[in-house]
Each structure stands twice: as C-alpha cells, then as structure tokens.
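One-letter residues, chain by chain:
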Amino acid sequence: MTQDELKRAVAAAAIEYVVPKLGPNDILGIGTGSTANFFIDLLAPYKEHFAGTVASSQASATRLTSHDIPVFDLNEMSSIAIYVDGADESNQQLHLIKGGGAALTREKIVAANAKEFVCIADESKWVETLGAFPLPVEIIPMARAYVSQQLQHLGGKPVYREGVVTDNHCHILDVHDLHIDDAITLEQQINHITGVVTNGLFAMRAADIMLLGTSKGVRSIVPTS
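Everything in this summary refers to the structure shown in the same document. What you see is a predicted model, and the numbers here were worked out from it, not measured in a lab.

**Section: the packing of aromatic side chains**
Next, step 1: Across all of its chains, the model carries 2 aromatic pairs by this definition.
Next, step 2: One aromatic cluster is present, built from ring pairs that chain together Tyr83, Phe117 and Phe202.
Next, step 3: The lysine or arginine in question, arginine 144, covers the ring of tyrosine 160, its NZ or CZ lying 4.0 Å from the ring centre.

Here is the structure:
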C-alpha cells in the first residue's frame, strides 16, 4: 500500500471508531494535516450525527465548511467529546511530535479541551525514540535568536522555518538532533523558555489511543507505561 492508501485506511478506521461514540449535541475536534484531511472527507456523510466541530487550523476549518460541516469557536464550547488528529512521530507511550503543518499551538489547545484524543497515523510515524523528526517550536518572532540559543543549550540544532507564519502570526523553529528519552520533561523545559508559545511535544497531554495504518491493517494501540 502507498502512504496515502495507509492514511485513508486509518482515517476510515477512525470514522468507524469515532462516529458511534458521538451524540447529537457533541462537538468533534479536528486536527490538521494530510491524514486529518482524509478523515474530514470521510466524515462528511455523518455530519448529522453530531452538533459540529472545532478546527485546529484555518486550513481544516475551510475543508470542513466545504463539506457543510459546522465549525465553531472553541471559546463558545463547554467541552469537546473527541479530538482526532495525526502525528509526525509517536512512541509506545503515545507521546507525540506534532507541528509539521505549523498548527501545533492550536492543536495542543484543542487536545487539552478534549475528553478523548484519538491519534491517526501511518506506520512510518511509529518510532522507538522520539526526535528523528525535527521538533517544531512556535515562537514570538522577536525572540527567535534568544530561543535558538536556549534550544542549543538543551542539545538541539534549531533551524528557522523560512517563509512560514502560523495562524497565530508567529514563527517556527525546527529543532534537529534531539534524542528524546523524557518527553514530558523536555516539553516543560522548552515551554519555560521566554518567547516560546509552545512546542510540538504532546507528552503532558498524550493521545489516549492510536489507530496506526500498517501494511497488515489498522492497529489499535493504547499507551504503555
């Protein structure tokens, strides 16, 4: 199977997992990226099964509205039933690296508000140790040099993602050469650097379940301790 075929298969499995759990008043959180796009497209026939969505990016909101799926402001919602999103990497604890699409801050906000976080990904994203995929860090533009210096002190090699401005009007540093054994501690350390909005480690709020597309079918994975 091609990578796109794996992504579509896992998106279809997510529809089967998520839709039966939704009630008519429930809000569904929607992530950003190619796998999330497959999920959005497959979700369209079921839009009468739930009240609407909250999107983690303008791109996803646009795709949802193109299917006439309602998109709400998170501030108007008391809670989100389920959040569905992809990942750039995941380990066995379902600690994730996200942010390849530069939507990490809004993704993290939506995930924090969700009762359940369902991660959907293809098998290329499954790793023993996080860090081969450069860790995105969203920053206030004027803090780029300072944050870069601090990230170097943590052992990383930050590279400015040129030409990218997030939905929050911020910039992205991609941190290379990290070998992340303790994702929770590193997430906290980076978030404490002045000028950082947030980073792409989803460890303090890890996924609750992963649906992983493989050549042998979709695997359902829960975190290991």
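**Description of the sheet that holds strand β11 (residues 201-202)**
Next, step 1: Taken together, 3 strands build an open sheet; the order of strands is β4-β5-β11 and the sheet is antiparallel. Looking at strand neighbours, the two that pair on one side only are β4 (89-90) and β11, the edges of this open sheet.
Next, step 2: Where β4 lies against strand β5 (residues 96-97), 2 bridges are found, and the strand directions are antiparallel. The residue bridging glutamate 89 from the neighbouring strand is isoleucine 97, located in β5.

**Regarding unusual backbone geometry**
Most peptide bonds are trans, and most residues other than glycine sit at a negative phi.
Next, step 1: Phi at aspartate 68 takes a positive value of approximately 60°, unusual for a residue other than glycine.
Next, step 2: Relative to the assigned elements, aspartate 68 resides in the loop between α3 (58-66) and β3 (80-85).

**Considerations on the side chain of serine 56**
Next, step 1: Relative to the assigned elements, serine 56 resides in the loop between β2 (52-55) and α3.
Next, step 2: Looking at serine 56, its side chain comes within polar contact range of the side chain of threonine 32, at 2.7 Å.

**Section: a nonpolar patch on the surface**
Next, step 1: Together, Ile140, Met142 and Val197 line one region of the surface with nonpolar side chains, adding up to about 310 Å² of accessible area.
Next, step 2: Tracing the sequence through the fold places methionine 142 in the loop between β7 (135-139) and α5 (144-153).
Next, step 3: Taking the relative accessible area as the measure of exposure, methionine 142 reaches 80% and is therefore exposed.

**Things to note about the packing of helix α2 (residues 34-43) against α3**
Next, step 1: Between α2 and α3, whose axes approach to 9 Å, the crossing angle comes to 20°. Between α2 and α3, the crossing angle belongs to the class labelled roughly parallel. As α2 packs across α3, the resulting crossing turns out to be right-handed. Along the contact surface, α2 presents Asn37, Ile40 and Asp41, while α3 presents Ser60, Arg63 and Leu64.
Next, step 2: For the contact of α2 with α3, the class distribution of residues is 2 nonpolar, 2 polar and 2 charged.

**Some remarks on the pairing of strand β13 (residues 217-221)**
Next, step 1: By the bridge criterion, 5 bridges tie strand β12 (residues 209-214) to β13 in an arrangement that is antiparallel. The residue of β13 that forms the bridge with leucine 212 is arginine 219.
Next, step 2: The loop that links β12 with its antiparallel partner β13 comprises 2 residues.

**Here's the deal with the side chain of glutamate 89**
Next, step 1: One can find glutamate 89 in strand β4.
Next, step 2: As a buried residue without a salt bridge, glutamate 89 has its nearest oppositely charged side chain in lysine 125, at a separation of 9.9 Å.
Next, step 3: Of the polar contacts made by the side chain of glutamate 89, one reaches the backbone nitrogen of glycine 131; its length is 2.8 Å.
Next, step 4: Within the local environment of glutamate 89, its side chain forms a polar contact with the backbone nitrogen of alanine 132, the two atoms lying 3.3 Å apart.
Next, step 5: The contacts of glutamate 89, once residues within four sequence positions are left out, are His95, Leu96, Ile97, Lys125, Val127, Thr129, Leu130, Gly131, Ala132 and Phe133.

**Examining the nonpolar core**
Looking at soluble globular proteins, one finds that nonpolar side chains tend to be buried together.
Next, step 1: Core analysis: the biggest nonpolar cluster contains 27 residues, and Leu28, Phe39, Leu43, Ile82, Val84 and Ile120 have the highest contact counts within it.
Next, step 2: Only α1 (3-18), β1 (27-30), α2, α3, β3, β6 (114-122) and β12 provide two or more residues apiece to this core.
Next, step 3: With 6 residues, α1 is the single largest residue contributor to this core.
Next, step 4: By size, the runner-up hydrophobic cluster in this structure holds 20 residues, among which are Val127, Leu130, Leu151 and Val196.

Cut-off values and rules
- Numbering of residues starts from 1 in every chain and runs along the sequence as written.
- The model is predicted, so local features are restricted to residues of pLDDT at least 70 and side-chain atom pairs to those at 80 or more, both for listing and for counting; the totals for chains, interfaces and linings are taken over all residues.
- Hydrogens and waters are ignored; side-chain quantities use all the structure's heavy atoms.
- The aromatic pairing rule takes the rings of Phe, Tyr and Trp, using the six-membered ring of Trp, and pairs them if the centres are within 6.5 Å, calling planes under 30 degrees apart stacked, those over 60 edge-to-face and the rest tilted.
- For a lysine, the NZ atom is tested; for an arginine, the CZ atom; a charge sits over a ring if that atom is within 6 Å of the ring centre and within 35 degrees of the ring normal.
- When DSSP finds two or more bridges between two strands, those strands count as paired.
- Strands here mean DSSP runs of E at least two residues long; helices mean DSSP runs of H or I at least four residues long; both are numbered from the N terminus.
- Polar contacts, as used here, are pairs of N or O atoms within 3.5 Å; protein pairs need one atom able to donate a hydrogen and one able to accept it. Residues neighboring in sequence count only if both atoms are side-chain atoms.
- Grouping into patches uses exposed residues only, defined as over 30% relative accessible area, and leaves out salt-bridged ones; the cut-off is 9 Å for like charges and 5 Å for nonpolar side chains (Val, Leu, Ile, Met, Phe, Trp, Tyr).
- Accessible surface is estimated by sampling points in the Shrake-Rupley manner with a 1.4 Å probe; for residues, cover comes only from the protein chains shown.
- Salt-bridge detection follows one rule: a side-chain nitrogen of Lys or Arg within 4 Å of a carboxyl oxygen of Asp or Glu.
- Each residue is assigned to one of three classes by its accessible area relative to the maximum for its type, calculated with a 1.4 Å probe on protein chains only: buried under 20%, partly exposed between the two thresholds, exposed over 50%.
- Only C-alpha atoms enter the line fits that serve as axes; for helices the fit covers just the stretch in contact. Angles between N-to-C directions range over 0 to 180 degrees.
- Orientation is classified from the angle alone, with under 35 degrees giving roughly parallel, over 145 giving roughly antiparallel, 65 to 115 giving roughly perpendicular, and any other angle giving oblique.
- Crossing handedness: left-handed means the near helix sits turned counterclockwise from the far one by under a right angle, and right-handed means the same turn made clockwise.
- Throughout, a residue-residue contact means that at least one pair of heavy atoms, one from each residue, lies within 4.5 Å.
- Side-chain classes follow a simple rule in which Ala, Val, Leu, Ile, Met, Phe, Trp, Tyr, Cys and Pro form the nonpolar group, Asp, Glu, Lys and Arg form the charged group, and the remainder, Gly included, forms the polar group.
- Charge assignment: positive for Lys and Arg, negative for Asp and Glu; neither His nor the chain ends contribute.
- Throughout this description, the term nonpolar core refers to a set of buried Ala, Val, Leu, Ile, Met, Phe, Trp, Tyr and Cys residues connected via side-chain atoms within 4.5 Å.

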